[in-house]
Amino acid sequence: MDDTRLKKIRLRAWRRGFREADLLLGPFADFYCPRFSEAQLDALEALMDEADQDIYDWFLGRAPTPPEFDNEIMALLKAFDPSTGAPGHGG
């Protein structure tokens, strides 16, 4: 695993520009990035290319997740509890 890539992803997750997204994606990246495969990191980076408000709405279920992002990473994100920094939210 490339430590430089992990650091960049985690930094990007924490500095989104939309505080709610920072508080969701930052802990998520801290928890999962060290455990993810290269393919999973690719999927997370693709997700983070989307607008913060869209990601947040998908997480909360206020908008349907587009098929291209309705994958393992989104399932993990929806089951993540950002208040504890670990899985457990249940989406």
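Cut-offs applied
- Residues numbered from 1 in each chain as written.
- Predicted model: local features only at pLDDT ≥ 70, side-chain atom pairs only at ≥ 80, totals over all residues.
- Heavy atoms only, no water.
- Phe/Tyr/Trp six-rings, centres within 6.5 Å; stacked < 30°, edge-to-face > 60°.
- Helix = DSSP H or I, 4+ residues; strand = E, 2+ residues; numbered from the N terminus.
- Buried < 20%, exposed > 50% of the residue type's maximum accessible area, 1.4 Å probe, protein only.
- Lys NZ or Arg CZ within 6 Å of the ring centre and 35° of its normal.
- Core = buried A, V, L, I, M, F, W, Y, C linked by side-chain atoms within 4.5 Å.
- Contact = heavy atoms within 4.5 Å.

K.L.:
Describe the packing of aromatic side chains, with residues and values.
P.N.:
In this description, an aromatic ring pair is defined by two values, namely the gap between the centres and the angle between the planes. This model, assessed by the stated rule, comprises 10 aromatic pairs. Centre to centre, the rings of F31 and F80 are 6.2 Å apart; their planes meet at 50 degrees, and the pair counts as tilted. Pair noted here: F31 is in helix α2 (residues 19-32) and F80 is in strand β1 (residues 80-81), with a separation of 49 residues, a long-range link. Classification of F80 by relative accessible area gives buried; the value is 0%. Each ring, one from Y32 and one from F80, has its centre 6.1 Å from the other, and the planes form 55 degrees; the classification is tilted. Of the two residues, Y32 sits in helix α2 while F80 sits in strand β1, which places them 48 residues apart along the sequence. With respect to class, Y32 is no different from F80; both count as buried. Here the aromatic residues F28, F31, Y32, F36 and F80 are joined through ring pairs into a cluster of three or more. Stacked on the ring of F31, the Lys or Arg R35 has its end atom at 3.9 Å from the ring centre.

K.L.:
Please give an account of the nonpolar core that cites residues and values.
P.N.:
Counting residues in hydrophobic clusters, the biggest one holds 23 residues, and the most contacted among them are F28, C33, F36, L44, L47 and L77. Of all elements in the fold, only α1 (3-14), α2, α3 (38-48), α4 (52-60) and α5 (72-78) reach the threshold of two or more residues within this core. Ranked by residues supplied to this core, first place goes to α2 with five residues. Residue contacts for L77: discarding those within four places in its chain leaves L24, L25, F28, L47, I55 and F59.

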